[in-house]
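One letter stands for each residue in the lines below.
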Amino acid sequence: MNASQISGVSENVLRHAIRSVPRCASRIWSVATRIDASLPKWEFTINSRRNPVAAHQAAICRSDAMNVSGTVWAVTVVVILGLFAFDLVFHVRRAHEPTFRESALWSALYLGLAFGFGLVVLWQWGAGFAGEYYAGFVTEWALSVDNLFVFTIIMGGFAVPREHQQKVLLIGILMALGMRAVFIALGAAAINTFAWVFYLFGLFLVWTAIGLLRSGGHEREVEEQRENRIVRVVRRFVPTTGRYHGARLVTRIDGKRVATPMLLALVTIGFTDILFALDSIPAIYGLTREPYIVFTANAFALMGLRQLYFLIGGLLDRLVYLSYGLSIVLAFIGVKLVLHALHENEVPFINGGEPVAVPVVSTGVSLAVIAAVLIVTTVASLLKTRRDARRAGR
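Residues numbered from 1 in each chain as written. Predicted model: local features only at pLDDT ≥ 70, side-chain atom pairs only at ≥ 80, totals over all residues. Heavy atoms only, no water.

### A short note on the packing of helix 4 (residues 100-125) against helix 5 (residues 127-157)
When two helices pack together, their arrangement is captured by the angle between the axes and the distance separating the axes.
Then step 1. Where helix 4 contacts helix 5, the two axes come as close as 7 Å, and the packing angle between them is 155 degrees. With respect to helix 5, the axis of helix 4 lies roughly antiparallel. The crossing of helix 4 and helix 5 is right-handed. Residue-level inspection shows Leu111, Ala114, Phe115, Phe117, Gly118, Leu119, Val121, Leu122 and Trp125 of helix 4 in contact with helix 5, the latter providing Ala127, Phe129, Ala130, Tyr133, Tyr134, Phe137 and Trp141.
Then step 2. Each residue belonging to the contact of helix 4 with helix 5 can be placed in one class, and the counts come to 15 nonpolar, 1 polar and no charged. (Axes fitted to C-alpha atoms, helices over the stretch in contact; angles between N-to-C directions. Helix = DSSP H or I, 4+ residues; strand = E, 2+ residues; numbered from the N terminus. Parallel < 35°, antiparallel > 145°, perpendicular 65-115°, else oblique. Left-handed = near helix turned anticlockwise from the far one by under 90°. Contact = heavy atoms within 4.5 Å. Nonpolar A, V, L, I, M, F, W, Y, C, P; charged D, E, K, R; others polar.)

### Re a nonpolar patch on the surface
Then step 1. Residues Leu111, Phe115 and Trp141 make up a contiguous nonpolar surface patch of about 260 Å² in total accessible area.
Then step 2. Structurally, the position occupied by Phe115 is in helix 4. (Patch = residues over 30% accessible without salt bridge, like charges linked within 9 Å, V, L, I, M, F, W, Y side chains within 5 Å. Areas by Shrake-Rupley, 256 points an atom, 1.4 Å probe, with all protein chains shown as cover. Salt bridge = Lys/Arg side-chain N within 4 Å of Asp/Glu carboxyl O.)

### With respect to the side chain of Ser107
Then step 1. Mapped onto the elements, Ser107 comes out in helix 4.
Then step 2. Its relative accessible area of 7% is what places Ser107 among the buried residues.
Then step 3. Ignoring any residue separated from it by four or fewer positions in sequence, one finds Ser107 in contact with Gly304, Gln307, Leu308 and Leu311. (Buried < 20%, exposed > 50% of the residue type's maximum accessible area, 1.4 Å probe, protein only.)

### A short note on the pairing of strand 2 (residues 256-259)
Regular strands have side chains that alternate between both faces of the sheet.
Then step 1. When strand 1 (residues 250-253) meets strand 2, the two strands line up antiparallel, connected through 4 bridges. Each residue of the ladder has a partner; that of Val250, found in strand 2, is Ala259.
Then step 2. Taking the residues between adjacent antiparallel strands as the criterion, strand 1 and strand 2 are bridged by 2 residues, where Asp254 takes a positive phi near 55 degrees. (Pairing = 2+ DSSP bridges.)

### With respect to the environment of Met179
Then step 1. Along the chain, Met179 falls in helix 6 (residues 165-193).
Then step 2. Judged by its relative accessible area of 25%, Met179 is partly exposed.
Then step 3. Note: C-alpha distance between Met179 and Leu278 (99 residues apart in sequence) is 9.4 Å.
Then step 4. The contact partners of Met179, leaving out residues within four places of it in the chain, are Gly270, Asp273, Ile274 and Ala277.

### Describing the pattern of salt bridges
Then step 1. One pass over the full model with this rule turns up 3 salt bridges.
Then step 2. In this structure, Arg180 and Glu140 form a salt bridge, with 3.1 Å as the shortest nitrogen-oxygen distance. In this pair, Arg180 sits in helix 6 while Glu140 sits in helix 5, placing the two residues 40 residues apart along the sequence. Like Glu140, Arg180 is buried.
Then step 3. Here Asp388 and Lys384 are joined by a salt bridge, their closest N and O atoms 2.7 Å apart. Note that Asp388 and Lys384 are positioned in helix 14 (residues 363-393) at a spacing of 4 residues, about one turn of the helix.
Then step 4. Of the residues examined, Lys384 reaches a relative accessible area of 26% and is grouped as partly exposed.

And the structure:
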């Protein structure tokens, strides 16, 4: 089967999938609701004797929390993993380079699913949580596009064959989702246990924003240096070969098992996924305190990255101001987190452990600021690269 035939099969599957999405979503949700009604809710309780302040806060916040049951969590995780499995079976298993049309159709489908899920949140939990989801999704999607730029550098550095890049990307995205799930759980536990963690998250995001600002325009050099360090460490402990052997991660040469460049590329992507999770999770916890929203926003932001990589291709190099825009977004969310921490302050050496009267940034304002910064950054980047191209052509 050649690339054009595969593309035709993919488009037919896509059309069928688009027609089936509303019906399947409705059935899944109705089944989950029936099961959910017959089972006890899962709630996280706090021992009031050990931590009376936290117990009092939990009692106040429980009424306006999402209270997502274990059944809904399980159904959500199964559906998301099912979508990734579908992607693996119908696309990545057959090595081919996706066409522009194929990438555009699947990118549109995944974006549609992401925004459609926001409508489900609106329907089930109200406009407030829907706004938090959309703000979180837009932020995570923008950070994920920045991830793509790094993936491009890694792919080029290891000269990954074009027909195998889909597999590397999907495995890298699955690793990113796994890393972020761990950090989401750790972040939720930290927030529920320590009130001062919002100060830590906020200051970390501001520090990260400053680092992004300093490295603006030199992202490729920074990533190549990091990539070289990772490869040197891996090669010190694992025998490697400089040749690809299809899509194999490990092969045998002269009777010895050696790692291929494909494995080195995946190790590098996995390490960078950890670094991205360190920025990503505190950022979205600055927009919502609901782990369910944090997880789903991350999952939907990552879901269409593989198609987006092949869709926008060289456009990534034209987003020259993206790091500056992301630094502004991260700094804004960092300041928002610090203001939130001051508003609910319990740290003894700050205002005697009493809350500080500071302005609180609403979800609507956060979404507007994030969207405006990203739009201005994108437009300014495209205008600059177009102007530079015209000057170079003279």
